[in-house]
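# Remarks on the overall topology
The primary structure of each chain is shown beneath.
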Amino acid sequence: MRGTTVPPGTPCPPPRAGELPMHRLEVPAPHAPPFAVGTFDEVGPLSRAEFPHRHTFHELVHVTGGTGAHVVDLTRRPLRPPHLGVIAPGQVHQWAGVRGLTGHVVVFTDDFLLDHPPDRELLRRLSEQPWLGLDARAEAGVTRLIADLVEEHRHGEESVLRALLHVLVVRAGRLLGTPPPEPAGTVAAEFARLAGRPDLGLWSVSAHAERIGVTPGHLTEAVKAATGRTAAQVLREARTREAQRFLLRTDLTVRQVASRVGFADPAYFCRFFRRETGLSPGDFRRGGEKHHD
């Protein structure tokens, strides 16, 4: 996907005033696979950044040691390793007060999932759940799989990497009680991917339909058939979630947040936000993040 990968050492483009940095995946060559695996030190300091940011790629995190907390979107959770967690493209996250962090990070773009497209939906579902605490058996299995990924990454065999990654994603879903999704049609799958990329600024069903190359009616029917939910409902939730991220993680004014999520009229945005959350934007911002053990 254009813009999701960059050569090593490429600085992040400066965000607009008050917005959040968007990290892209570094790859060693233009045709290298959009995939990396390694320890936090090997992947680099941005893998444990303590400031709010987001990615253009998926991130699987296996934490084996350390104290502190991980904050994703609206929720702060203390570290009690070993953990396995998923961070989706577009989610806002940061490490908070972390000391002695050890483990591995697996990062990859949507493009790398071409052999198993339903994994995209499973990863999205996993990213919305608390990080999994691993018992001894699960920890041993995850450790073996990641060691295999590290070994195959050295050899550069993409088909084997994709197969191992698929096994890791499916097993993570099994451990978290999240069954693999049924294969979705290409239209619904592309809609789910785009709806998860708030940085694209697509806030209406018609904008998504135009981007995918179908009519709004066809898109609505495809999403309803695949998910049981309307495309408009999915987008309302995505829009609300993005507004919450800006309210909680930036100093943007309510007017500026409204503009960032596609509302020209701040008053209409406030009515929308209250209808979706039960709170005004100001009350939500004052309430702060949720804390979960």
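Structural notes, computed from the coordinates. (Residues numbered from 1 in each chain as written. Predicted model: local features only at pLDDT ≥ 70, side-chain atom pairs only at ≥ 80, totals over all residues. Heavy atoms only, no water.)

## Topic: the overall build of the chain
Along its length, the chain carries 11 helices and 11 strands. Sorting the 293 residues of the chain into buried and exposed places 47% on the buried side. Sequence separation of 24 or more characterises 70% of the internal contacts of the chain that already satisfy a separation of 6 or more. For the chain, the exposed area adds up to about 14,100 Å²; of that, 53% sits on carbon and sulfur atoms. (Helix = DSSP H or I, 4+ residues; strand = E, 2+ residues; numbered from the N terminus. Buried < 20%, exposed > 50% of the residue type's maximum accessible area, 1.4 Å probe, protein only. Contact = heavy atoms within 4.5 Å. Areas by Shrake-Rupley, 256 points an atom, 1.4 Å probe, with all protein chains shown as cover.)

## Section: the environment of alanine 136
Following the sequence through the fold, alanine 136 ends up in helix H3 (residues 136-155). With relative accessibility at 67%, the residue alanine 136 sits in the exposed group. Linking alanine 136 and proline 82, residues 54 residues apart in sequence, is a C-alpha distance of 9.1 Å.

## What to know about the packing of aromatic side chains
Inspection of the entire model under this criterion finds eight aromatic pairs. When the ring of phenylalanine 40 is compared with that of tryptophan 95, the centres are 5.7 Å apart and the planes differ by 90°; the resulting orientation is edge-to-face. You can see phenylalanine 40 sitting in helix H1 (residues 40-43) and its partner tryptophan 95 sitting in strand S9 (residues 93-108), a full 55 residues away along the chain. Phenylalanine 40 sits in the buried class, given a relative accessible area of 2%. Given a relative accessible area of 1%, tryptophan 95 falls into the buried group. Aromatic pair tryptophan 95 and tryptophan 131: ring centres 5.8 Å apart, planes at 70°, arrangement edge-to-face. Of this pair, tryptophan 95 sits in strand S9 while tryptophan 131 sits in the loop between helix H2 (118-127) and strand S10 (132-133), and the two are 36 residues apart along the sequence. With respect to class, tryptophan 95 is no different from tryptophan 131; both count as buried. (Phe/Tyr/Trp six-rings, centres within 6.5 Å; stacked < 30°, edge-to-face > 60°.)

## A short note on the nonpolar core
Core analysis: the biggest nonpolar cluster contains 27 residues, and Phe35, Leu60, Val106, Phe108, Leu149 and Leu165 have the highest contact counts within it. Put simply, the parts of the chain that give this core at least two residues each are strand S4 (35-39), strand S8 (83-87), S9, H2, H3 and helix H4 (158-175). Sequence-distant contacts of phenylalanine 108, that is, excluding residues within four places in its chain, are made with Leu25, Pro34, Phe35, Phe57, His58, Leu60, Leu113, Leu123 and Leu165. (Core = buried A, V, L, I, M, F, W, Y, C linked by side-chain atoms within 4.5 Å.)

## Some remarks on the side chain of histidine 70
Note on placement: histidine 70 falls in strand S6 (residues 58-72). The class for histidine 70 is buried, based on a relative accessible area of 3%. A distance of 2.9 Å separates polar atoms of two side chains, one belonging to histidine 70 and the other to histidine 93. Excluding residues that lie within four positions of it along the chain, histidine 70 makes contacts with Thr75, Arg76, Arg77, Leu79, Ile87, His93, Gln94, Trp95 and Trp131. (Polar contact = N/O pair within 3.5 Å; in protein donor to acceptor, adjacent residues only side chain to side chain.)

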